[in-house]
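This is what each chain is made of:
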Amino acid sequence: MFKGIRIAVALVSAAMLILVAGCGGSEQGAAKPGDKIVLGFSQIGAESEWRTANSESIKASAKEAGIDLKFSDAQQKQENQIKAIRSFIQQKVDVIAFSPVVETGWDAVLQEAKAAGIPVILTDRAIKMSSGNAEDYYVTFMGSDFVEEGRRAANWLVGFMKKDNEPVNIVELQGTVGSAPAIDRKNGFEEILKGHSNYKVIKSQTGDFTRAKGKEVMESFLKSAKAEGQKIDVLFAHNDDMAIGAIQAIEEAGLKPGKDIIIVSIDGVKGAFEAMIAGKLNCTVECSPLLGAQLMEAIKDLKAGKTLNKRIVTKEGVFPADVAAKELPNRKY
Amino acid sequence: MEIWIKLWRIVTNSRLFWPLAALAVVLLFNFFYTKDFFVVEIKDGHFYGVLIDIVNRAAPLMLLAIGMTLVVATKGIDISVGSVIAISGAVAASLIGGNLEYVDGTQKLVTLVPMPVAIVAALAVTTLLGMWNGLLVARVGIQPIVATLILLVAGRGIAQLITQGQIITIYYTPFKFIGAGYLAGVPFTLFIVLLVFAVILYLLNKTALGLFIEAIGINSVASRFSGIHVSKYIFLAYAFSGFCAGVAGLIICSNVSSADGNNAGLFMELDAILAVALGGNSLDGGKFSLLGSVIGALVIQSITTSIYATGVPPEITLVVKAIVVICICLMQSTSFRTIIFARWGQKRGSVSESTTVKL
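None of the values given here were measured: they were computed from a predicted structure.

Novice: Help me understand the interface of chain A and chain B in this model?
Specialist: How big an interface is tends to be stated in terms of the accessible area lost upon association of its parts. On the side of chain B, 35 residues touch chain A, which itself brings 30 residues to the contact. Summed over both partners, the interface of chain A with chain B buries about 2,800 Å², with 45% contributed by carbon and sulfur atoms. Of all residues in chain A, the largest losses of buried area upon contact with chain B belong to A:Gln205, A:Arg211 and A:Lys223, amounting jointly to 21% of the total for that side. Counting the contacts that link chain A with chain B gives four salt bridges. On inspection of chain A and its partner chain B, the count reaches 13 residue pairs in polar contact (both at pLDDT 80 or more). Here the side of chain A that touches chain B takes 13 residues from helix H7 (residues 211-227) of chain A, the largest share from any one element. Across the side of chain A that touches chain B, the residue classes break down as six nonpolar, 11 polar and 13 charged.

Novice: I'm lost on the pattern of salt bridges in this one. Help?
Specialist: Side chains bearing opposite charge may pair, as long as their charged atoms lie close to each other. Following the criterion strictly, the structure yields 25 salt bridges over all chains and no others. Taking the shortest distance from any N to any O, the salt bridge between A:Glu190 and A:Lys186 comes out at 3.1 Å. On the criterion of helical spacing, the pair formed by A:Glu190 and A:Lys186 is a turn pair, its members being four residues apart in helix H6 (residues 180-193). The exposure class assigned to A:Glu190 is partly exposed, which follows from its relative accessible area of 31%. The salt bridge partner of B:Arg57 is A:Glu219, with a shortest N-O separation of 3.0 Å. Here B:Arg57, found in helix H3 (residues 50-73), pairs with A:Glu219, found in helix H7, and the two come from separate chains.

Novice: In this structure, what is going on with unusual backbone geometry? I would like to understand it.
Specialist: If a residue is not glycine, its phi is most likely negative; likewise, a peptide bond is most likely trans. All names here are of chain B. A positive phi angle, close to 60°, is found at Asp 36, a residue other than glycine. With respect to the helices and strands, Asp 36 occurs in the loop between helix H2 (17-33) and strand E1 (40-43). A positive phi angle is found at Asp 44, which is not glycine, with a value near 50°. Relative to the helices and strands, Asp 44 is located in the loop between E1 and strand E2 (46-49).

Novice: What exactly am I supposed to notice about the domain arrangement of chain A here?
Specialist: We note that the domain assignment places domain 1 (36-143 + 290-315) and domain 2 (146-287) within chain A. One C-alpha centre belongs to domain 1 of chain A, the other to domain 2 of chain A; they are set 33 Å apart.

Novice: Would you mind showing me how to read the side chain of B:Thr148 here?
Specialist: Residues and elements named next belong to chain B. By secondary structure assignment, the location of Thr 148 is in helix H6 (residues 144-163). Only 3.2 Å separates the side chain of Thr 148 from the backbone nitrogen of Ile 79, close enough to count as a polar contact. Every residue in contact with Thr 148, bar those within four places of it in the chain, is listed here: Ile 77, Asp 78, Ile 79, Ser 80, Asn 133 and Tyr 238.

Novice: What exactly am I supposed to notice about the pairing of strand E9 (residues 262-267) of chain A here?
Specialist: In summary, the side chains of a regular strand alternate between the two faces of the sheet. Residues and elements named next belong to chain A. Summarising burial for E9: six of the six residues are buried, a large majority. On E9, burial covers both faces: Ile 262, Val 264 and Ile 266 on one face and Ile 263, Ser 265 and Asp 267 on the other are all buried. Pairing geometry for strand E8 (residues 234-237) and E9, over four bridges, is parallel. The residue of E9 that forms the bridge with Ala 237 is Ser 265.

Novice: Help me out: how do you make sense of the confidence of the model for chain A in this one?
Specialist: If pLDDT is low for a region, its predicted coordinates should not be looked at in detail. All names here are of chain A. Across chain A, the average pLDDT comes to 87, with 89% of residues at or above 70. Considering each helix and strand of chain A separately, the mean pLDDT is smallest for helix H1 (residues 2-29), with a value of 50, and largest for E8, with 97. Confidence over residues 19-33 falls short of pLDDT 50; this stretch has five contacts with residues more than four positions distant or in other chains.

Procedures and definitions
Residues numbered from 1 in each chain as written. Chains lettered and ligands numbered in written order. Predicted model: local features only at pLDDT ≥ 70, side-chain atom pairs only at ≥ 80, totals over all residues. Heavy atoms only, no water. Contact = heavy atoms within 4.5 Å. Buried area = accessible area lost by both parts, 1.4 Å probe. Salt bridge = Lys/Arg side-chain N within 4 Å of Asp/Glu carboxyl O. Polar contact = N/O pair within 3.5 Å; in protein donor to acceptor, adjacent residues only side chain to side chain. Helix = DSSP H or I, 4+ residues; strand = E, 2+ residues; numbered from the N terminus. Nonpolar A, V, L, I, M, F, W, Y, C, P; charged D, E, K, R; others polar. Buried < 20%, exposed > 50% of the residue type's maximum accessible area, 1.4 Å probe, protein only. Domains from an automatic or database assignment. Pairing = 2+ DSSP bridges. pLDDT = per-residue confidence, 0-100.

Below, the structure written as structure tokens:
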């Protein structure tokens, strides 16, 4: 007899579960037009100026677009991000967006989001799934295209040098070995230069994305190039900070950065613009953290029922030295 | 023949022989494989060349190694120096301030506080941090690696807090002199190292300080019973290590005219410990050689600079560095040499015979 009751209880609870699940679905559909869209955003942390500008941009754009933003700072920890996403699911936000602090380990929480029917947008960094296709779990990945940044730097260089036959010797300061921006920027840069055989990267070494290492490695480049009888025409740095360090090394070697050695770097931080105004840097390719406006636009499109591209590239510019003075007051990072 | 063997033994038994041999090997490699490595020319009124770079770049590491040697001699270790470097730079940079002001098109030099005040403040803060380590080790009795681990972890956070997570650029050019200036054609950093080195060497040799520190490292209990104020000297060693890290931090910060809380001095504590070890000092405390550690620091920087100069691909630089360091360590290890030279000695019976007779 007790067995019978147990089965009945089990049946009833199963039925209730189905009902609850059904209700959940209908509740979402019932959101009235005109209601504020609720966005849950989990940020990595505030580890750099770049990241701070990224957060500011998202907050300001949400306000402007009339989107209700629930912002959570993960302080560089994945467990905090997972907690934040789970709480967004419980609060039944309309859209979840986050910058994943690491690539892997998102399977469970993204499945929960999918089960709850909440679309997920990745910003700035991509993810990998241990099984299955990661693309099934997010609607779009929005961020910079590092390969394209490398291509832009090379394209600007080729256009600026205007040399088709004379050899152009390039030295490269790479980012941290194995990091995505370092690999992609190098590949993009080399891809364009393949079509220009007179451009040659004669030396390439990592400067770890820091000013101090950028300076130290450049010092060494200058001396060994001289000893080998080569002239360095161009410096390509994977970020502005390394270029700023290298500029000091070039000056200490008695050369004029920006004139004797043409310098192009990537990021577009304020320091780079100051260097360009001083005539010491020739061009910076933007890697913009200011994706707030694009993010809000994408969310509105999504809610209007449009399908988003799986990959949205941040709007970024190339800033040669001659526009630096005009652009500097607009820089937010 | 006999005299030469004797002389050889005296030379190789000297504490400084193996560190110097390591430095010679690295430089010799460059003599053959790197063009113009030893060329020093005069540019803009100062010496200019790869050797000058090595000395200039090794300066912060030499300072760290000097401080670390004393700590290691007391049977301790200070793994917080990298973070202390970041704090030192952060304090100096935030006090001088990242202001770029132009008056009639020329840059006007502005500081929030006078530069000497900023320098003294940075050194005071780092010495205090060293004292904090000393307090934890000498008074509270926490194991050195654990006690200094606290500051290793917290230090970067403190530096971030001071710089508010940003890289502060210093536009006040006189500050640049500390890390990138030249005095009589020689990098100013070298004078800083020489000054610190001379002062501490004088104190160690002209007072009983050196003897006390060695005694504490060999047997701290016996030292206490023989009347040495053990905890005081341990405390002072850590305070001095903090001070050295502070000076190193100022040099690093000044060299690139900016303070980077995230990256300044990152992993330098490991290089400092390595420099002490390469200098022929036992990490088990006791007898020590400051000059050995300074040479050890030069060896490390020579390896780094050689790697850049020979164009080793960035993906494998760390592996190359590791292999060189392992080889140097093996060369210095007495037991390893015994194994190698025992075979060599057997072939030349007379050498090993004379050894056994003397033993």
